[in-house]
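# Descriptive structure summary
Residue strings, one per chain:
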Number of protein chains: 2
Amino acid sequence: MDNQERLKRLAKEFSECQNALTAIGDQTRQSIIIAMLENPDEKGIRVGEITKYTNLSRPAVSHHLKVLKDAHFIGVHREGTKNYYYLDPTKSFVLRLKHLIENIETIMNEYYWDNPFGHKKDE
Amino acid sequence: MDNQERLKRLAKEFSECQNALTAIGDQTRQSIIIAMLENPDEKGIRVGEITKYTNLSRPAVSHHLKVLKDAHFIGVHREGTKNYYYLDPTKSFVLRLKHLIENIETIMNEYYWDNPFGHKKDE
DNA sequence: TAGCATGGTTCGTAGGATTCAACCATTCGA
DNA sequence: TCGAATGGTTGAATCCTACGAACCATGCTA
């Protein structure tokens, strides 16, 4: 695979991860994820608990949950009127992001193979 | 290290990576990074080239470069009035992000050790 | 020194994101 | 069936971000 092809793939991967990156780039959504990890004994965490945890209104929480869901970070499990949200057990977003980061790392390692200062001097 | 301590560290890591995540979550900045990788034969890429490459005004490019610089993605090298921007050769942002992702992965692996569906059923 | 090239900054604007009050839909229990 | 509980959605206000026109600062060159 030549370099141009590799960059093309990186660009594709970049744009595919856009949702995921902006999703976890937000502080509020980060704290929602933390809240989910802090309640591992349940089948999920309910919306009401998140509102208490984050001191946010329900519409706000609902909005952020939607963003996280669209980015495949979380899933829902309905039980009556109660909605249990849980982190995506397939971890698809983690795998995607991991792959992206590793890809960047690989390309940059090749990029700077001959110069520790980041710009090739010979030419 | 107990679980609570681990989550505390994750929260810290999360917030420390906030800048980096929003930095590369933006499409324009992604394309700027790609542009930099596509011009590996220079000691860096000049602002004017990026404006041509992205069809953006100089203020806009300048703004994005500042964001990328604050997130330690890139560095500058001044030469007269010319500013050469290059990807951070220490790759500090890559290492940070990589560590964050791996941390999330580890915690989630532990989180779901007994249930492939993401919510523990026994209780 | 005068003019030019390069690129940062300032400022105002447009669009998107975040938020809450209010409202609506669904389901459970009495 | 009626009321309470849960939580999605709508609409409007507010804030933040991206953007370009105009301007300013710096350094090269003639």
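That block above? That's the structure.
Now for a quick tour of the structure. Numbers given to residues run from 1 along each chain, matching the order in which its sequence is written. Lettering for chains starts from A, numbering for ligands starts from 1, and both go in the order in which the items are written. For this predicted model, a pLDDT threshold of at least 70 governs which residues receive local features, and a threshold of 80 or more governs which side-chain atom pairs are given and counted, while totals over whole chains, interfaces and linings are taken from all residues. Neither water nor hydrogens contribute to the side-chain values; these are computed over all heavy atoms in the structure.

Right, let's talk about the side chain of B:Arg6 for a bit. Segments assigned H or I by DSSP are reported as helices when at least four residues long, segments assigned E as strands when at least two residues long, and all are numbered from the N terminus. Mapped onto the elements, B:Arg6 comes out in helix α1 (residues 3-16). Other than its neighbours up to four places away in sequence, B:Arg6 contacts B:Met1, B:Ile107 and B:Glu110. We call two residues in contact when some of their heavy atoms are within 4.5 Å.

Note on definitions. A residue lies near a molecule or strand when any single heavy atom of the residue is within 4 Å of it. Contacts to DNA strand C come from 21 residues, most closely from A:Ser57, A:His63, A:His64, B:Arg58 and B:Asn83. Across the atoms of DNA strand C situated within 4 Å of the protein, the share located in sugar and phosphate is 69%. In this structure, B:Gly48 approaches DNA strand C through a main-chain N or O atom, which is 3.2 Å from a phosphate oxygen. Residues adjacent in sequence count toward polar contacts only when both atoms are side-chain atoms; beyond that, a polar contact is any pair of N or O atoms within 3.5 Å, and within protein one must be able to donate a hydrogen and the other to accept it. The side chain of B:Tyr85 places a nitrogen or oxygen atom 3.2 Å from a phosphate oxygen of DNA strand C. Those elements that place two or more of their residues in the surface near DNA strand C are α3 (27-37) and α5 (58-70) of chain A together with α4 (47-54), α5 (58-70) and β3 (82-87) of chain B. Considering each element in turn, the surface near DNA strand C owes the most residues, four residues, to α5(A). Gly falls in the polar group here, along with every residue not listed as nonpolar (Ala, Val, Leu, Ile, Met, Phe, Trp, Tyr, Cys, Pro) or charged (Asp, Glu, Lys, Arg). Grouping the amino acids of the surface near DNA strand C by side-chain chemistry returns six nonpolar, 10 polar and five charged.

The next thing to look at is helix α6 (residues 92-111) of chain A. End to end, α6(A) covers 28 Å across 20 residues, agreeing with the expected 28 Å (1.5 Å per residue, within 8%). Among the structural elements, α1 (3-16) and α2 (18-25) of chain A together with α3 (27-38), β3 and α6 (92-111) of chain B are those in contact with the buried residues of α6(A). The length a helix should cover is 1.5 Å for every residue beyond the first.

Moving on: the packing of aromatic side chains. Stacked, edge-to-face and tilted labels apply to pairs of Phe, Tyr and Trp rings (six-membered ring for Trp) whose centres lie within 6.5 Å, assigned for plane angles under 30 degrees, over 60, and everything in between, in that order. Applying the stated rule across the entire model yields two aromatic pairs over all chains. Its end group placed over the ring of A:Tyr84, A:Lys43 keeps NZ or CZ at 4.9 Å from the ring centre. Charge-over-ring placement is defined geometrically: NZ (Lys) or CZ (Arg) within 6 Å of the ring centre, and within 35 degrees of the ring normal.

Let us now look at α1(A). Residues and elements named next belong to chain A. If you check α1, its first and last C-alpha atoms are 20 Å apart, about what 14 residues at 1.5 Å a residue would give, namely 20 Å. Within α1, burial applies to Arg 6, Leu 7, Leu 10, Glu 13 and Phe 14. Along α1, the residues classed as buried sweep out an arc of 120° about the axis, all on the same side. Turned more than 90 degrees from where α1 packs its buried face, Gln 4, Lys 8 and Lys 12 sit exposed. Buried, partly exposed and exposed residues are distinguished by accessible area as a fraction of the type maximum, computed with a 1.4 Å probe on protein chains only: under 20%, between the cut-offs, and over 50%, respectively. The reported arc concerns the directions from the helix axis to the C-beta atoms and nothing else.

A separate point is the protein's contact with DNA strand D. Close contacts around DNA strand D come from 21 residues, with A:Arg58, A:Asn83, B:Ser57, B:His63 and B:His64 the closest. The sugar and phosphate moieties of DNA strand D supply 71% of its atoms located within 4 Å of the protein. Between DNA strand D and A:Gly48, the relevant distance is 3.1 Å, taken from a phosphate oxygen to a main-chain nitrogen or oxygen of the residue. Contact between DNA strand D and A:Asn83: a phosphate oxygen at 2.4 Å from a side-chain N or O atom of the residue. Breaking the surface near DNA strand D down by element, the ones donating at least two residues are α4 (47-54), α5 and β3 (82-87) of chain A together with α3 and α5 of chain B. In terms of residue count, α5(B) provides more of the surface near DNA strand D than any other element does, four residues in total.

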